[in-house]
Amino acid sequence: MAGLHHANIGIMNKIAITTVTPVYSGRNFLPELIVKIEQVRDRWRNTQAPLELIEAIFVNDASEDGSLPVLYEIQKTRPWVNVINLSRNFGQHQATIAGILHSSGDWVVTMDEDLQHDPSHIDTLLESAVKSDMDIIYANPEQSVHENPLRDWTSRAFKGLVSYATGNPHVREFNSFRLIRGSIARASGSVCSHGTYFDVALCWFSSRISSVKLPLKDVRFVESGKSGYTMRKLFSHARRMIVSSETKIVRFGAAIGFFAMFVAVVVGAKILFNKLFYPESIPVEGWTSLFLALMFFSGLLAILSGIVLEYISVILLHIQGKPTFFVVDRLTDRFLLDYYQDKKKK
Amino acid sequence: MIIFQRKDRRGKEFKIILLFGTGLIGTSIYNSINRQAVYSSSYFPFNWNCPEQGKKDAAGIFQYLTSDFLVSCSHYASSQIAFVWCAGKAGFTATKKIMNDELISYGTVLDLVRRIKESFSGSKIFIHLLSSSGGLFEGQRLIHDESVPQPKRFYGHLKYVQEQRLMELNDEIAKKVYRLTSVYGFVGPGQRMGLIPTLIANGMRNKVSTIFGSSSTLRDYVLNEDVGFYIKKKLFHDCGSGNTAIYLLGSGKPSSILEIRHFVEEVIGRKIYLEFRKTSQTENTLDITLNSSALPVDWSPTDIISGIRLVKEGIISGKVSRVPGKNRLPFVEDKMNSTW
């Protein structure tokens, strides 16, 4: 690591990692989670890795199960743990954003409180990011997460549907266990308003998004049958995802309108031709022209509505903070890449 | 510089505060002390551009303080003299010459402290030094109590040497050091303002702001009024605590320039035009963030959005803090700094 000379790692000589965990009902999981995070931190320190877990941020999203005292207890003996207490329950995404906006790391890892995401996999995420030159890596389950085929299928189908509606191919990869380049995480977090879907905002800043398969398990769902995601929450997610995205469905509607107009014009020209030169070929008068007029103006309305919606979409994305450009520094990646390659050789 | 004094007629309490520097932070301290309305204040010139003149000014201050009346007051039951150093023209881009000039002025004040200590043997002497976390720890993240200063530029070295010289003083002198992060605020035109007021002022006039950093540079922003209030609190109520203390004053929440831009746009309701420039002399891209657990327990910083709103109100209303000896210009557009 003698070659480290990049601006922000000049003093620490390490690449800084921050974990962000929103907490709502994690009292029973937090002690074990912090031990696992600490193991990763200690392992990096003991093996002289060029990585330092500089902070573990826990965002208490107005939990009602007594998670906050547990967090404060954890913080007492670990100065690198930072507890942020939200004034009311804002939801998982907002809590994650709050944590990200308090972070200082070169890379930010977001993970759930319920041990669904094992901190020991952070290395896998990092390795994948630097090897494939990515900015964002999502963890995706390599097998059934809920041990319930219907629940897993619903989740996949929902993501597929939203992916199609929004035209965003990354929606299928979205997961709350993610590794994000620090500057991109904070930039995305800072432009998010209450209605913005955080992962969609991430796509505004980078298209270098990938996923790795990991053994993820929703322990809470498997043990209790209860999921943090109710049907209402799923619809709310879909709504925010669509509102935050350029909606492909609008263009699809406008294209149908254009097609209807085109058909109306072509068929109308043929009918007019028949009317002028072969009037006997029209047995019932009036019905066809009425239908064609209806088709033409419906198509025109669909196109105009599509244009108006496209305008609104542009304005909405502008208000939501979609950037014109964003500058990113990937220079430090090669040190991590060297580290992982050396590690593999050993 | 300003001298505040308070002596009650019952012969119980006697306190003098010497405030060196009436810039962004000095003015905030001045305002905070003035709100108490029990201190009388007088302006004394102290020149830090010309070392010789500075020494003469210091001699004048010494002569005033050692008048028979004041020396007699030093035998009151509670007698304190506090020096506050928040002076200097050196900023992040200061040259070696500016650093040396400022050290000479600082040395003159420390000499004054020593002489005062000899003349007021019955009084408790305090020095409050305004230092800089940014200068001392540039490039370090999550700075805490045990972080080791590693200055990277003359400004950082200046602060480091100032702290060291302070610690070399007599043990009987109480030393309080405040390591500040990026301070922002508005006390009137012609003063150093920091990033946020510059963005607000330029944004309101649709003017481009030049940033010598990158949009993802992380800093910890703190409102000048919070600093002024905290130091006033220490000046008035922390007289009995240990002889040496170092306070890290920041918000504990890092913010990128992009985030600040977004907040400012939200508050002023206009677009902010930015131009990013990188030159070796002015480059200012290193992150500087504070560990929230290292902040003093009695310190409560204003959140960034409320701070931005306060600064905006100050700029719009043209609020100018009147400090004795300072003739501030009315709000003149060309005097506003458009760079950070």
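As the structure is a prediction and not an experimental result, all values here were calculated from the model.

Rules of the game
Residues numbered from 1 in each chain as written. Chains lettered and ligands numbered in written order. Predicted model: local features only at pLDDT ≥ 70, side-chain atom pairs only at ≥ 80, totals over all residues. Helix = DSSP H or I, 4+ residues; strand = E, 2+ residues; numbered from the N terminus. Rg over C-alpha atoms; globule rule 2.2 N^0.38 Å. Buried ≥ 20, exposed ≤ 12 C-beta atoms within 10 Å, placed from the backbone. Contact = placed C-beta atoms within 7 Å. pLDDT = per-residue confidence, 0-100. Pairing = 2+ DSSP bridges. Axes fitted to C-alpha atoms, helices over the stretch in contact; angles between N-to-C directions. Expected span 1.5 Å × (residues − 1). Nonpolar A, V, L, I, M, F, W, Y, C, P; charged D, E, K, R; others polar. Domains from an automatic or database assignment.

## A short note on the overall build of chain A
For chain A, the helix and strand inventory stands at 12 helices and 7 strands. In terms of C-alpha radius of gyration, chain A reaches 26 Å, well past the compact-globule figure of 20 Å for 346 residues. Its C-alpha atoms give chain A principal-axis dimensions of roughly 95 × 50 × 35 Å. In chain A, which comprises 346 residues, the proportion classed as buried is 38%. A fraction of 82% describes how many contacts in chain A between residues 6 or more apart in sequence connect residues 24 or more apart.

## Digging into the environment of Asp106 of chain A
All names here are of chain A. Residue placement: Asp106 occurs in the loop between α3 (92-100) and β4 (107-110). Note: C-alpha distance between Asp106 and Ile184 (78 residues apart in sequence) is 9.7 Å. Residue contacts for Asp106: discarding those within four places in its chain leaves Ile15, Ala16, Gly182 and Thr332.

## Quick look at the environment of Gly60 of chain B
Residues and elements named next belong to chain B. For Gly60, the position within the fold is in helix α2 (residues 51-65). When the 13 C-beta atoms within 10 Å are taken as the criterion, Gly60 is described as partly exposed. Residues Gly60 and Phe46, 14 residues apart in the sequence, show an inter-C-alpha distance of 9.3 Å.

## Comments concerning the confidence of the model for chain B
All names here are of chain B. Mean pLDDT for chain B: 84, with 85% of residues reaching 70 or above. Counting interchain partners and residues more than four positions distant, the pLDDT-below-50 stretch residues 327-340 has 27 contacts. Confidence estimates for the predicted assembly give a pTM of 0.78 and an ipTM of 0.72.

## Remarks on the sheet that holds strand β11 (residues 254-256) of chain B
Pairing between the strands of a sheet comes from backbone hydrogen bonds, and it takes one of two forms, parallel or antiparallel. All names here are of chain B. Pairing in this open sheet of 3 strands is mixed, and the strands run β7-β9-β11 from one edge to the other. Each end of this open sheet is capped by a strand with a single partner; those strands are β7 (182-184) and β11. On average, each strand axis in the sheet is tilted by 55 degrees relative to the strand beside it, whichever way the strands run. Note: β7 against strand β9 (residues 218-223), 3 bridges, orientation parallel. Paired with Ser182 across the two strands is Tyr221, which belongs to β9. In this fold helix α8 (residues 224-237) packs onto β7 and β9, with an angle of close to 60 degrees to the strand it touches most, β9.

## Structural notes on helix α9 (residues 257-268) of chain B
Helix length check: α9 of chain B, at 12 residues, gives a terminal C-alpha distance of 16 Å against a target of 16 Å (1.5 Å per residue), a fit within 8%. Every buried residue of α9 of chain B is accounted for by Ile257, Leu258, Glu259, Ile260, Arg261, Phe263, Val264 and Val267 of chain B. Those residues of α9 of chain B that are buried are in contact with α6 (182-191) of chain A together with α7 (195-204), β8 (208-211), β11, β12 (273-276) and α10 (304-317) of chain B. Once α9 of chain B ends, the next one or two residues include Gly269 of chain B, with phi positive near 70 degrees.

## As for the interface of chain A and chain B
Contacts between the two partners involve 20 residues from chain A and, on the opposite side, 22 residues from chain B. Looking at the side of chain A that touches chain B, the elements that each hand over two or more residues are β2 (51-60) and α6 of chain A. Ranked by the residues each element gives to the side of chain A that touches chain B, the list is headed by α6 of chain A, at 5 residues. Its residues assigned to classes, the side of chain A that touches chain B shows 10 nonpolar, 8 polar and 2 charged.

## Quick word on the domain arrangement of chain A
Domain annotation of chain A identifies domain 1 (7-245 + 325-345) and domain 2 (248-320). Domain 1 of chain A and domain 2 of chain A are separated by 47 Å when their C-alpha centres are compared.

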